[in-house]
Amino acid sequence: MTIWAYVVRRIALAVLVLFGVATITFLMVRIVPSDPAAVYVGSNARPEQIAQARRDLGLDKPLYVQYGIYMKNLVKGDWGDSLRTKRPVLNDIMHFLPTSLELIITALVVATIVGVIFGVTTAHRKGTWIDLVMRVFSTGGVSIPAFWLALMLQIAFFRVLHLLPVAGQSDIFVAQAHPITAITGMPVVDALITGNWPAFTDSARHLVLPMLCLAAYPMGVIMRMTRSSMLEAMGNDYIRMARALGVPPRTLLYKDALKNAFGPVLTVIGLTFAYSLTGTFFVELIFAWPGLGYYATTSILSMDYPAIMGVTIMVAAAYVLVNLAVDLAQAFLDPRIALS
Amino acid sequence: MERWSSRPGRVAITAVLVVTVALLAVVLTAGCGSSNTSGTAPKADILRLAYTSTVTTWDPSASYSTEVVYMANLYEPLLYANPPGSTEPFSPALATSWEVAKDGLSWTFHLRQGVTFHDGTPFNADAVKYSIDRTKKLNLGAAYLWAPVKEVQVVDPYTVKMLLTYPVALDRIAAASSGSWMFSPATAVKSSKWWDAGHEDGTGPWTLQSYKPNQELVFVRNPKWWGTWSDNQYQKIVVEIVAEAGTQQQELEASQIDYAGLVARDQVDALAANPNIDVVKGQSWNSYLMFFNTQHKPLDNVKVRQALSYAVPYQDIITVAANGLGTQSKGPVPVGLWPNTQGTVTQYTTDLTKAKQLLSDAGYPNGGFTLNLTYAAENTLENSFAPVIKESFAKIGVKVNIQKLLWNQQWAKAKGPIAQRQDLFVLLWWPSLPDGYDNLNSMFRPETSPAWNLAYWYNTDFDKLLTEAYGLSAVPSGLEQSQQKYNEAQAMLVDQAPAAYLFDAQFVVAKLKTIALGTEAINPNYPQVLFWTKVTR
């Protein structure tokens, strides 16, 4: 199978998956007892206003008709309007997604670098105190709840050490004096691109704690996966041969062994990216980080079903695409992997 | 496993350490615990607020929700309702004087001259007519308040006359916290999409500079405002949307914000102990009730409802949930709000002996029945006191199953099929206008389909009393008689007990000591609102 045929097949499957996700989400949000029309007109609305909103939103139509309309609009790129913000859901998502992506990508980059380096080191130093300490570290990262870690980080870096801001995306004074010109929607990146240094350092400082909180889990998973893959790889004959031929240890570890051990690690990175899209919900709420998670949380709490569906479909799409990218990357790294 | 050279391990650890230290050095030295504001705008000009309030609509005709905290600073009504204890009940806003006809069927408002909307359009009688007519026509939000107004007549450029279909206290409606805003007729060509993209066009002291939904709102002074500015008022208001009370508290303690609009009741003492912070508490029109479903047995029996009213642990609820920041309700209208009974109606006290006796009289000598209680999961106070009620009811043999639901689910269940509705519905209520009539009318009047009368209790005598009392309150000469009728109606509500009136809650906010709140910065007639012009350095 050629790579293009493989990609086309995977994309076709992805469409099916998204169709299934959209259908299940649609049914789930409608099964849950709630009154979307009441959400739309806001608190304290009169019964006649709610009835009018129900007609305006088409909620008085049979469920299968509503479903048909929703799916038709979805395909056309109309994801409906949020019941709360009254803006198109897709616009809302595009507004909040870059902020979350900045957090998630930096967290994953840090998690990958630290996780891989620690994983290689613990495999290399198996059974030593370094191995033990780092394994405790990784177990902690995987098992500590995000909200607890967030509070601990806030106490440590803000309350005790007075080193980092406790929450938010920027300092109000700095943001007002040095407004960031939006290019990508990611404040740190935009500040960097535009050479806005006061805003850059301020945004970067605000990014550190939520990023560390979000990085903890993937870092632990990546480290453990790297360690086990490396141990397996280092037991192979070609590594022994290479070592016997005098290949330097660093080359052996990071070039020969790691390259072969990286396939499973890459899969884990892809999965944790999708995990982070939802894992960021708690983190964003605690750190008042105005991203997709914050949007999703407030939407869920107010039963804003178009927004809930929009976020779900977006996360599912990201999950599917990242998995596809990971599979392609694995094929690139290891040509023996058949694209079938 | 054979031991390899240790060099790669050392290199790896060193690399991580170097990168980490370098990053930390760059980031931390930029701030070191305080805001690095070198070269920034004067700090003193910016007031930083943390709110939980998001915007559900920017349309002043439709607005009826949490955005009131912004609307009240962007727009102005014809009158302002003064806080309790004021000499006069109302202050002039866009109307400088007003009078009501003897029959209460027409009200004349004389308008302030020299006022312009934010777009430069002059404010005049046409603008008043346009604003009220549009709000009525859209029939969204609090438009129902204007239902008694048959016609708005333009008498001259600065005088309007409102003709009513039945007498009402229109001054209270003109001063309401929703639906009363005057906006520019130039917006007639704008759609709801235009408004909701983050536009406004009022006469208020502040204008909206930028709006990032769920994130940040920036307001600047309206240079053409008819009021006067002083040097110690702020130039700019920046609002951060912060949903968590704990985060707001930490930001306040770090001086990252000047004002926290949400304070967890159990953190009040800790905040008050901070030498840099003031905790501000005061009267609000927020009150908690628990409706008894009078359509379900045995709550259709008035003696059972009375027994449960005696079994409510009022003081424990206030202590546990509100940290003492509340008082037991004296009926469904909070103390201080017209037409509270001012102590003339006897309220229930916690008395389990009486409760047991009443249950016995009703044919339930040892209780022996189970009730389903619902409350809104978003409300931390309700979360605290629901178990207290359960525990107290258990002492008289009544078992309570608590269902914690999201507010919309709780409300949807209450409006669903009769058999599936709750037995006990806990509700936080505040009126939409400075008139407790809204409490009585909304929560205890018959409804064609349930909305707020969640006891499903209907009584023709009560209806008659309420109608009479409301009509009498339209003119000053009828107030005394109106109060008597209202007292009778509220006595009926206590006696018939369609709900247990739990407590009137105080508002609690916290601020840095570097800012000062004027006497009218917080006014219970405008729930959750901080009037920014009353905040000074």
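Analysis parameters
- Residues numbered from 1 in each chain as written.
- Chains lettered and ligands numbered in written order.
- Predicted model: local features only at pLDDT ≥ 70, side-chain atom pairs only at ≥ 80, totals over all residues.
- Heavy atoms only, no water.
- Helix = DSSP H or I, 4+ residues; strand = E, 2+ residues; numbered from the N terminus.
- Buried < 20%, exposed > 50% of the residue type's maximum accessible area, 1.4 Å probe, protein only.
- Contact = heavy atoms within 4.5 Å.
- Domains from an automatic or database assignment.
- Buried area = accessible area lost by both parts, 1.4 Å probe.
- Salt bridge = Lys/Arg side-chain N within 4 Å of Asp/Glu carboxyl O.
- Polar contact = N/O pair within 3.5 Å; in protein donor to acceptor, adjacent residues only side chain to side chain.
- pLDDT = per-residue confidence, 0-100.
- Phe/Tyr/Trp six-rings, centres within 6.5 Å; stacked < 30°, edge-to-face > 60°.

**Some remarks on the environment of B:Val263**
Residues and elements named next belong to chain B.
Stage number 1. One can find Val-263 in the loop between strand 11 (259-260) and helix 7 (268-272).
Stage number 2. Under the relative-accessibility criterion, Val-263 is labelled buried at 6%.
Stage number 3. Val-263 sits 16 residues away from Val-279 along the chain, and the two C-alpha atoms are 8.9 Å apart.
Stage number 4. In this structure, Val-263 is in contact with Val-268, Leu-271, Val-508, Val-509 and Ala-510, ignoring residues within four places of it in sequence.

**Description of the domain arrangement of chain A**
Residues and elements named next belong to chain A.
Stage number 1. Annotation of chain A at the domain level lists domain 1 (1-84 + 303-340) and domain 2 (89-301).
Stage number 2. Centre-to-centre separation of domain 1 and domain 2, based on C-alpha positions: 28 Å.
Stage number 3. Tallying the contact residues gives 24 residues for domain 1 and 27 residues for domain 2.
Stage number 4. Buried area between domain 1 and domain 2, summed over both chains or domains, comes out near 1,900 Å², and the portion from carbon and sulfur atoms is 75%.
Stage number 5. If you sort the residues of domain 1 by the area they bury against domain 2, Val-311, Met-314 and Leu-333 come out on top, with a joint share of 26%.
Stage number 6. Run the count over domain 1 and domain 2 and you get zero salt bridges.
Stage number 7. The interface formed by domain 1 and domain 2 includes four residue pairs in polar contact (both at pLDDT 80 or more).

**Things to note about the confidence of the model for chain B**
Residues and elements named next belong to chain B.
Stage number 1. Across chain B, pLDDT averages 91, with 92% of residues at or above 70.
Stage number 2. Confidence over residues 31-40 falls short of pLDDT 50; this stretch has 22 contacts with residues more than four positions distant or in other chains.
Stage number 3. At the level of chain-chain contacts, confidence expressed as ipTM amounts to 0.78, with global pTM at 0.85.

**Regarding the side chain of A:Ser229**
All names here are of chain A.
Stage number 1. Within the fold, Ser-229 resides in helix 10 (residues 197-234).
Stage number 2. Take Ser-229: its relative accessible area is 8%, and that puts it in the buried class.
Stage number 3. Ignoring any residue separated from it by four or fewer positions in sequence, one finds Ser-229 in contact with Ala-261 and Pro-264.

**Focus on the packing of aromatic side chains**
Residue and element names in this part refer to chain B.
Stage number 1. Considering all chains together, one arrives at 41 aromatic pairs over all chains under this definition.
Stage number 2. Between Trp-107 and Phe-109 the ring centres are 6.4 Å apart and the planes differ by 15°, which places this aromatic pair in the stacked class. Each member of the pair, Trp-107 together with Phe-109, is buried.
Stage number 3. Taken together, Tyr-51, Trp-58, Tyr-70, Trp-206, Tyr-211, Phe-219, Trp-225, Trp-226, Trp-229, Tyr-259 and Trp-532 form an aromatic cluster joined through their ring pairs.

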